[in-house]
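Tertiary structure, described
The chain contents come next:
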Amino acid sequence: MTHAGRQRLKLLAFFAIFGLPVAVAWGMVEWRIGIPEGRTAHGELQPSLPVLSQWPLTDVAKQGEGDWLLAFDCPKACDDNADRWWRLHRALGREADRVSRLRIGGGGEPLPGAALAQWTGEADWRSPHRLWILDPEGRPVLGYAPEVATADVLDDLRRLLRMNPEPPMARFDQASTVVGGGADGQ
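The residue count restarts for each chain, going from 1 along the sequence in the order it is written. The predicted origin of the model limits local features to residues at a pLDDT of at least 70 and limits the giving and counting of side-chain atom pairs to 80 or more, whereas totals for whole chains, interfaces and linings rest on all residues. The side-chain quantities take in all heavy atoms of the structure and omit both hydrogens and water.

As recorded by an unreviewed UniProt entry, the protein carries the name Thioredoxin domain-containing protein and is attributed to Halomonas rhizosphaerae.

This is the structure:
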């Protein structure tokens, strides 16, 4: 083989190395070959629910403005569920400060770190002992039936937090505004 033939072969190999993966990926997308159809979330997507501000609730206070919210319905005494979601919140570790808990209904004082609200009206989508994960803007993302495994909720919540990272200086900016009296430190 001549020098020019070897150079052409190298050029063809170069195009194959970079062009073949693109062609295979296009084929996978076009003919839906090798693309998984299954869901990854354990909860039910909740796009039809109204935002939190439209729920028939008394005042709702989150710990942080940019926090995700675990809202759970307690029709009566629900110490077991409150403890379950408190433990899940603690299991988040360093990400726990990005999540707030809201107990809706039930009697007595909420566990530390949880806010309490009461239903002021009836909602047709409401079901007892249900858990919802809401994004920082108050939109319901996932809903869970009472019998869901806590580990499945933790897995979904960790995935949501990982896929929606907090801006690096978000907590620092909030702390400096409160402590310093403003962005300019006055």
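This brings us to the state of the cysteines. Criterion for a disulfide: a pair of cysteine sulfur atoms at a distance within 2.5 Å. Evaluated as defined, the whole model comprises one disulfide. Here Cys-74 engages in a disulfide with Cys-78; their sulfurs sit 1.9 Å apart. Across the disulfide from Cys-74 to Cys-78, rotation about the S-S bond amounts to roughly 90 degrees, and the bridge is consequently right-handed. The same class applies to Cys-74 as to Cys-78, namely buried. Buried means the residue's accessible area, taken with a 1.4 Å probe over protein chains only, is under 20% of the maximum for its type, while exposed means over 50%, and partly exposed covers the values in between.

Only strands joined by at least two bridges in the DSSP assignment are considered to pair. The numbering of helices and of strands both runs from the N terminus, where a helix is a DSSP run of H or I of at least 4 residues and a strand a run of E of at least 2. Read across the sheet, six strands follow the order β1-β6-β5-β2-β3-β4 without closing on themselves; strand pairing throughout is mixed. Strands with a single pairing partner mark the edges of an open sheet, and in this sheet they are β1 (44-45) and β4 (114-117). Two residues form a contact once any of their heavy atoms are found within 4.5 Å. Axes here mean lines fitted to C-alpha atoms, for a helix over just the part in contact, with angles spanning 0 to 180 degrees between N-to-C directions. Sheet contacts for helix α3 (residues 150-163): β2 (68-73), β3 (99-104), β5 (131-134) and β6 (140-144); angle to β6, the most-contacted strand, approximately 170 degrees.

Throughout this description, the term salt bridge denotes a Lys or Arg side-chain nitrogen within 4 Å of a carboxyl oxygen of Asp or Glu. Following the criterion strictly, the structure yields nine salt bridges and no others. Of the charged contacts, one joins Glu-44 and Arg-130 as a salt bridge, the two residues approaching to 2.9 Å between their closest N and O atoms. In this pair, Glu-44 is assigned in strand β1 and Arg-130 in the loop between β4 and β5, connecting sequence segments 86 residues apart. By relative accessible area, which is 9% here, Arg-130 ends up buried. Across the salt bridge formed by Glu-95 and Arg-98, the nearest N and O atoms sit 3.0 Å from each other.

The next point concerns the packing of aromatic side chains. The rule is short: rings of Phe, Tyr and Trp, with Trp giving its six-membered ring, pair when the centres are within 6.5 Å, and they are stacked under 30 degrees, edge-to-face over 60, tilted in between. This structure, assessed with the given rule, holds eight aromatic pairs. Where Trp-119 meets Trp-125, the ring centres are 6.0 Å apart and the plane angle is 65 degrees; that geometry is what we call edge-to-face. Clustering of aromatic rings is evident, with ring pairs tying together Trp-55, Trp-119, Trp-125 and Trp-132.

Within the element layout of this structure, Gln-46 appears in the loop between β1 and β2. Judged by relative accessible area, which is 11%, Gln-46 ranks as buried. With near-sequence residues (within four places) excluded, Gln-46 lies in contact with Arg-130, Trp-132, Pro-140, Val-141, Leu-142 and Gly-143.

Right, let's get into the pairing of β2. Of all six residues that make up β2, six are buried, and the element is covered over most of its length. Where burial is concerned, the two faces of β2 agree: the one with Trp-68, Leu-70 and Phe-72 and the one with Leu-69, Ala-71 and Asp-73 are both buried. In the sheet, β2 pairs with β3 via six bridges, with the strands oriented parallel. Note on β3: the bridge partner recorded for Leu-70 is Arg-101. Here β2 pairs with β5 via four bridges, running antiparallel. Pairing of Leu-70 across the sheet is with Ile-133, part of β5.

This brings us to helix α2 (residues 79-91). Residues spaced three or four apart along an α-helix face the same direction, because each turn holds 3.6 residues. Compared with an ideal rise of 1.5 Å per residue, which puts 13 residues at 18 Å, α2 spans 18 Å between its outermost C-alpha atoms and is within 8% of the ideal. Along α2, the residues that are buried comprise Asn-81, Ala-82, Arg-84, Trp-85, Leu-88 and His-89. One face of α2 carries all of its buried residues, which in axial projection span an arc of 160 degrees. Pointing more than 90 degrees away from the buried face of α2 are the exposed residues Asp-79, Asp-80 and Arg-87. Multiplying 1.5 Å by the residue count of a helix minus one yields the expected span of that helix. The arc in question is traced by the directions running from the helix axis to the C-beta atoms.

Attention now goes to a nonpolar patch on the surface. Like-charged residues within 9 Å of one another, or nonpolar side chains (Val, Leu, Ile, Met, Phe, Trp, Tyr) within 5 Å, are grouped into patches, provided each residue has over 30% relative accessible area and no salt bridge. Throughout, the Shrake-Rupley method with a 1.4 Å probe supplies accessible areas, and for residues the shown protein chains are the sole cover considered. A grouping of Leu-11, Phe-14, Phe-15, Ile-17 and Phe-18 is seen on the molecular surface, where their side chains present a nonpolar patch of about 570 Å² in accessible area. With respect to the element layout, Leu-11 can be found in helix α1 (residues 3-31).

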